[in-house]
Amino acid sequence: MTPLEGYLLLSALLFAIGLAGALTRRNAILVLIGIELMLNAANLNFIAFWRYGPHPEAMTGVMFAIFSIAVAAAEAAVGLALILAAYRHLRTTNLDRMNRLKG
Amino acid sequence: MTATFLILAAITVAGTAAAMGLRNAVHCVLALTVGFAGVAGLYLYLGAQFVGFTQIMVYVGAVAILAVFAIMMTHNPGQPEEPFSRYWVWGAVIAAAVFLTLARAVHLAFEPTSSVLAVPPQAPDITVQQIGDALMRRYVLPLEIIGLLLTAALIGAVIIAMDPRDDASMEDAAE
């Protein structure tokens, strides 16, 4: 097994863990964290392909990972603010009980 | 496939699996910081120092703290609730199917060992100065767009999370 294959398998496992969390948890905050884990798996792929790819001096993978982390941070801030706003109306973060669109 | 990689991978997988599997939400976020730190260690091991420290600052330092605050602010002590959905078996089956599909695709892609990617090149030596140079020259437009996105997202997050009743009371106080 080459090193790159190990990183790709680890990243696939990380993605599956995040997906399992996003699909099975009831707490909206933990669902958001599961989505963050899937983004992390993608970032790990960017860095692994940059390291073992043919042109590491171009720094494309590093740049893509940096921008991806910035977008993920913005997503986490807005997502948690939305959960707080929904909690103020519904008094719960349980996704099974958030079953109406009207506030 | 070195021992360092295996140890870091074990820390990452254990931390993230605990983050998605524990019942107490605060324990989940604490396990999550371990998982994020493991990913940061993998970045450092791969030679991407700047991304590794960014990962620690953004995820361990900011996202996890933000999640802890959100969990504490939305905590209802009176009513303990089942943390997993009624259909958690289906979620686990779907996640396992996705992992097996991805793992098979990765495995098939590495079948011919004479591939160009099979020979790892020398570890590239990327300094922070080079990254800053690239950000200010070649990637300056994406950098500006990311700055605009972060500003808009933070202002939007504050406005969304602001309590409308607090807003009204502050206006009353000002009058």
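Residues numbered from 1 in each chain as written. Chains lettered and ligands numbered in written order. Predicted model: local features only at pLDDT ≥ 70, side-chain atom pairs only at ≥ 80, totals over all residues.

## A few points about the overall build of chain A
Okay, so step 1: What chain A contains, in helices and strands, is 3 helices and 0 strands.
Okay, so step 2: Each helix (α) and strand (β) of chain A, taken in turn from the N terminus, gives the series α-α-α.
Okay, so step 3: A globule of 103 residues ought to have a C-alpha radius of gyration of about 13 Å, yet chain A, at 17 Å, is considerably larger.
Okay, so step 4: Overall, chain A is about 55 × 25 × 15 Å in size when its C-alpha atoms are taken along their principal axes.
Okay, so step 5: Pairs at least 24 residues apart make up 51% of the contacts formed inside chain A by residues separated by at least 6 positions. (Helix = DSSP H or I, 4+ residues; strand = E, 2+ residues; numbered from the N terminus. Rg over C-alpha atoms; globule rule 2.2 N^0.38 Å. Contact = placed C-beta atoms within 7 Å.)

## Brief notes about the overall build of chain B
Okay, so step 1: Counting its regular elements, chain B contains 7 helices and 0 strands.
Okay, so step 2: Counting from the amino terminus, chain B carries its helices and strands in the arrangement α-α-α-α-α-α-α.
Okay, so step 3: Partitioning the contacts of chain B with sequence separation of at least 6, the portion at a separation of at least 24 is 47%.

## Some words on the interface of chain B and chain A
Okay, so step 1: The interface is formed by 70 residues belonging to chain B together with 63 residues belonging to chain A.
Okay, so step 2: With 12 residues, helix H3 (residues 49-73) of chain B is the largest single contributor of residues to the side of chain B that touches chain A.
Okay, so step 3: Classifying every residue of the side of chain B that touches chain A gives 57 nonpolar, 10 polar and 3 charged. (Nonpolar A, V, L, I, M, F, W, Y, C, P; charged D, E, K, R; others polar.)

## As for the domain arrangement of chain B
Okay, so step 1: As far as domains go, chain B holds domain 1 (1-76) and domain 2 (125-175).
Okay, so step 2: In this structure, domain 1 of chain B and domain 2 of chain B have C-alpha centres spaced 23 Å apart. (Domains from an automatic or database assignment.)

## So, the nonpolar core
Okay, so step 1: Ile29(A), Leu44(A), Ile47(A), Leu80(A) and Ala67(B) are the most contacted members of the largest nonpolar core, which totals 70 residues.
Okay, so step 2: Those elements that place two or more of their residues in this core are helix H1 (3-24), helix H2 (28-52) and helix H3 (60-90) of chain A together with helix H1 (3-21), helix H2 (25-45), H3 and helix H6 (140-161) of chain B.
Okay, so step 3: In this structure, this core is formed jointly by two domains, domain 1 (1-76) and domain 2 (125-175) of chain B, each of which donates at least three residues.
Okay, so step 4: Among all residues touching Ile29(A), those that are not within four sequence positions of it are Leu80(A), Ile83(A), Thr93(A), Ala25(B), Ala67(B), Ala70(B) and Ile71(B). (Core = buried A, V, L, I, M, F, W, Y, C linked by C-beta atoms within 7 Å. Buried ≥ 20, exposed ≤ 12 C-beta atoms within 10 Å, placed from the backbone.)

## Thoughts on H2(B)
Okay, so step 1: If you check H2(B), its first and last C-alpha atoms are 30 Å apart, about what 21 residues at 1.5 Å a residue would give, namely 30 Å.
Okay, so step 2: Positive backbone phi, at 95°, marks Gly47(B), one or two positions downstream of H2(B). (Expected span 1.5 Å × (residues − 1).)

## Points about the packing of H1(A) against helix H4 (residues 88-109) of chain B
Axes are the key here: two packed helices are described by the angle between their axes and the distance separating the axes.
Okay, so step 1: One way to put it is that H1(A) packs onto H4(B) with a least axis distance of 8 Å and a crossing angle of 165°. If you check the angle between H1(A) and H4(B), you find them roughly antiparallel. Where H1(A) crosses over H4(B), the two elements pack in a sense that is right-handed. From H1(A), Glu5(A), Leu8(A), Leu9(A), Ala12(A), Leu13(A), Phe15(A), Ala16(A), Leu19(A), Ala20(A), Leu23(A) and Thr24(A) reach across to H4(B), where they touch Trp88(B), Gly91(B), Ala92(B), Ile94(B), Ala95(B), Ala96(B), Val98(B), Phe99(B), Leu102(B), Ala103(B) and Val106(B).
Okay, so step 2: Its residues placed into classes, the contact of H1(A) with H4(B) shows 19 nonpolar, 2 polar and 1 charged. (Axes fitted to C-alpha atoms, helices over the stretch in contact; angles between N-to-C directions. Parallel < 35°, antiparallel > 145°, perpendicular 65-115°, else oblique. Left-handed = near helix turned anticlockwise from the far one by under 90°.)

## Digging into the packing of H3(A) against H6(B)
Okay, so step 1: H6(B) packs onto H3(A) with a crossing angle of 10° between their chain directions and a minimal axis gap of 8 Å. Here H6(B) runs roughly parallel to H3(A), going by the angle between their axes. Facing H3(A), whose interface residues are Phe67(A), Ala70(A), Val71(A), Ala74(A), Ala77(A), Val78(A), Ala81(A), Leu82(A), Leu84(A) and Ala85(A), H6(B) presents Pro142(B), Ile146(B), Leu149(B), Leu150(B), Ala153(B), Leu154(B), Gly156(B), Ala157(B), Ile160(B) and Ala161(B).
Okay, so step 2: The residue inventory of the contact of H3(A) with H6(B), partitioned by class, reads 19 nonpolar, 1 polar and no charged.

## Observations concerning the environment of Glu81(B)
Okay, so step 1: Locating Glu81(B) in the fold gives a position in the loop between H3 and H4.
Okay, so step 2: Residue Glu81(B) is classed as exposed on the basis of its C-beta count, with 12 C-beta atoms lying within 10 Å.
Okay, so step 3: In this structure, Glu81(B) is in contact with Arg26(A) and Asn94(A), ignoring residues within four places of it in sequence.

## Quick look at the environment of Ala153(B)
Okay, so step 1: As for its position among the elements, Ala153(B) is in helix H6.
Okay, so step 2: Taking the C-alpha atoms as reference points, Ala153(B) and Val39(B), 114 residues apart in sequence, are found 25 Å from one another.
Okay, so step 3: Sequence-distant contacts of Ala153(B), defined by excluding residues within four places in its chain, comprise Ala74(A), Ala77(A) and Val78(A).

## What to know about the confidence of the model for chain A
Okay, so step 1: Overall, the predicted model of chain A reaches an average pLDDT of 90, with 99% of residues at or above 70.
Okay, so step 2: At the level of individual helices and strands, chain A shows its lowest average pLDDT in H3(A), which scores 92, and its highest in H1(A), which scores 94. (pLDDT = per-residue confidence, 0-100.)

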